[in-house]
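Below, each chain spelled out in residue letters.
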Amino acid sequence: MAAVSGGGCGFVLVAGGLGERLGYSGIKVQLPTQLTTGTTYLELYIRHILALQGSGAPLPLAIMTSGDTDAQTRALLDANANFGMRAGQVTIVRQEKVACLADNDARLAADPKDPYKLLTKPHGHGDVHYLLHSSGTLDAWLESGVQWVYFMQDTNAPSLKVLPAAIGISRRNQLDVNSVCVPRMPGEAIGGLMKLMHADGRTQTANVEYNQIDALLKATVEPRGDVADPATGRSPYPGSINQLLFALGPYAAQLHKSGGTMPEFVNPKYADASKTKFKSPTRLECMMQ
């Protein structure tokens, strides 16, 4: 706990999404974590950070918003006096949107509400690295003595409970990057953490998108594809929940080299097996992992 309190850890909340897929028209961090108290996700996260902080130095929080969520997130914080955090303890960085692609030929998609406008979507949570770097947030944290940066997603209530253990493991094993994961069932719609080996022997541990795992395994090490480990009944590849713990020094140094830019990709969801029509327009995106 000493590595967390005393200002030793900064927190990054990725909060660029709306709750439309959950049947909620507002921002996801304003959703209630449970019905008896109505405590929102944002309030829960901040209360947990303040509990970890105790009487020590303030633990900083950065929130990445998007054009869809920025105004509502600021209003939620203002209406609740930052849920107890001090002025200046919360930093908001906003990501911009990019144009959507309508088909495999990368035709730009028109906004269905206005055919004279392009349909746009957020660029993906990978923008968080560029924004933390370009805003000077990480350099300020480093100067104030922060040693660790913990990335959280907008609707994962238990995510902070594992932080002390994650920091302990990172310190013991001298890890620059540590990824919190969960058990995964074969075929489950969640990315898998896998160790990939290049032809020249180089290896890397990476998150593989769930819609690519089965094909990747069939083409390499497992002809049956994404199947269960007989000993556990679960996938051998744990599920990635995008809860990342970085050692701040090496992380900030790397961002100074790269500028915080992340590789872009397109990951369309197709309407059928012919893979000629998208279910909905896609966009260039980047991942935070």
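The preceding data block contains the structure.
In what follows, the accompanying structure is described. Residue positions are given per chain, counting from 1 as you read along its sequence in written order. Local features are withheld for residues below a pLDDT of 70 in this predicted model, meaning they are given only at 70 or higher, and side-chain atom pairs are given and counted only at 80 or more; totals for whole chains, interfaces and linings count all residues. Hydrogens and water molecules were not included; the side-chain quantities draw on all heavy atoms of the structure.

**Some words on the overall build of the chain**
Reasoning step 1: Helix numbers and strand numbers start at the N terminus; a helix is a DSSP run of H or I with at least 4 residues, a strand a run of E with at least 2. A tally of helices and strands in the chain yields seven helices and 14 strands.
Reasoning step 2: Each principal axis of the C-alpha atoms in the chain carries an extent, and together these give about 60 × 50 × 45 Å.
Reasoning step 3: We call two residues contacting when some pair of their heavy atoms lies within 4.5 Å. Counting only contacts in the chain whose residues sit at least 6 apart along the sequence, the fraction spanning at least 24 positions is 67%.
Reasoning step 4: Summed over all atoms, the accessible surface of the chain reaches about 15,300 Å², with 53% contributed by carbon and sulfur.
Reasoning step 5: Across the chain, the centroid of the 26 positively charged side chains sits 4 Å from that of the 25 negatively charged ones. In short, Shrake-Rupley with a 1.4 Å probe defines the accessible areas, and a residue's cover is counted only from the protein chains shown. Positive charges come from Lys and Arg, negative ones from Asp and Glu, while His and the chain ends are left out of the count. Working definition for charges: the position is that of NZ of Lys, CZ of Arg, CG of Asp or CD of Glu.

**Regarding the packing of helix H3 (residues 127-134) against helix H7 (residues 248-258)**
Reasoning step 1: Running from amino to carboxyl end, H3 crosses H7 at an angle of 90°, the nearest separation of the two axes being 10 Å. With respect to their mutual orientation, H3 and H7 come out roughly perpendicular. On H7, the residues that touch His129, Leu132 and His133 of H3 are Tyr251, Leu255 and His256.
Reasoning step 2: When residues are sorted by character, Ala, Val, Leu, Ile, Met, Phe, Trp, Tyr, Cys and Pro go into the nonpolar class, Asp, Glu, Lys and Arg into the charged class, and all the rest, Gly among them, into the polar class. Grouping the amino acids of the contact of H3 with H7 by side-chain chemistry returns three nonpolar, three polar and no charged. Only the stretch in contact is used when fitting a helix axis, every axis being a line fitted to C-alpha atoms; angles between N-to-C directions are given from 0 to 180 degrees. Our angle categories are set so that under 35 degrees counts as roughly parallel, over 145 as roughly antiparallel, 65 to 115 as roughly perpendicular, and the remainder as oblique.

**Digging into the packing of aromatic side chains**
Reasoning step 1: When two rings of Phe, Tyr or Trp (its six-membered ring) have centres within 6.5 Å they constitute a pair, described as stacked for plane angles under 30 degrees, edge-to-face for angles over 60, and tilted for the intermediate range. A complete count under the given rule lists five aromatic pairs for this structure.
Reasoning step 2: Ring centres of tyrosine 270 and phenylalanine 278 lie 5.4 Å apart, and the angle between their planes is 65°; on these two criteria the pair is classed as edge-to-face.
Reasoning step 3: Burial classes follow relative accessibility: with a 1.4 Å probe on protein chains only, a residue under 20% of its type's maximum area counts as buried, one over 50% as exposed, and anything between as partly exposed. A relative accessible area of 8% places phenylalanine 278 in the buried class.
Reasoning step 4: Put simply, the rings of Phe151, Phe246 and Tyr251 pair up and form one aromatic cluster.

**A few points about the sheet that holds strand E4 (residues 97-101)**
Reasoning step 1: The pairing criterion is simple: DSSP has to find at least two bridges between the two strands. Pairing is antiparallel in the open sheet, where four strands are placed in the order E7-E4-E14-E13. Across the chains shown, the open sheet's two edge strands, defined by having one partner strand only, are strand E7 (120-122) and strand E13 (265-266).
Reasoning step 2: In terms of strand pairing, E4 meets E7 through three bridges, oriented antiparallel. By the bridge assignment for E7, alanine 99 is matched with threonine 120.

**A few points about the nonpolar core**
Reasoning step 1: Counting 32 residues, the largest nonpolar core has Phe11 and Leu61 as its most contacted members.
Reasoning step 2: Secondary structure elements with two or more residues in this core: strand E1 (9-14), helix H1 (41-53), strand E2 (61-65), helix H2 (70-79), strand E3 (90-94), strand E8 (148-153), helix H5 (163-173) and strand E12 (239-247).
Reasoning step 3: Of all the elements, H1 adds the most residues to this core, at six residues. Think of a nonpolar core as a cluster: buried Ala, Val, Leu, Ile, Met, Phe, Trp, Tyr and Cys residues, connected wherever their side-chain atoms sit within 4.5 Å.

**Examining the pattern of salt bridges**
Reasoning step 1: A side-chain nitrogen of Lys or Arg and a carboxyl oxygen of Asp or Glu constitute a salt bridge if their distance falls within 4 Å. Counted by the stated rule, this structure contains 11 salt bridges.
Reasoning step 2: Arginine 107 serves as the salt-bridge partner of aspartate 103, at 2.9 Å between the closest nitrogen and oxygen.
Reasoning step 3: In this structure, glutamate 285 and arginine 283 form a salt bridge, with 3.7 Å as the shortest nitrogen-oxygen distance.
Reasoning step 4: Beyond isolated ion pairs, a larger network of salt bridges with shared partners links Asp103, Asp105 and Arg107.

**A word on the pairing of strand E10 (residues 192-197)**
Reasoning step 1: Where E10 meets strand E11 (residues 203-208), six bridges bridge the pair, whose relative direction is antiparallel. Directly across from methionine 197, in E11, lies its bridge partner threonine 203.
Reasoning step 2: Hairpin geometry of E10 and E11 is characterised by an intervening segment of five residues between the two adjacent antiparallel strands and by a positive phi of about 95° at glycine 201.

**Regarding the side chain of serine 235**
Reasoning step 1: Within the secondary structure, serine 235 is located in the loop between helix H6 (210-219) and E12.
Reasoning step 2: Polar side-chain contacts of serine 235 include one of 3.0 Å to the backbone nitrogen of tyrosine 237.
Reasoning step 3: Not counting residues within four places of it along the chain, the set of residues in contact with serine 235 comprises Arg184, Met185, Pro186, Asp226 and Val227. Pairing of N or O atoms within 3.5 Å defines a polar contact, subject to two protein rules: one partner must be a possible hydrogen donor and the other a possible acceptor, and residues neighboring in sequence count only if both atoms are side-chain atoms.

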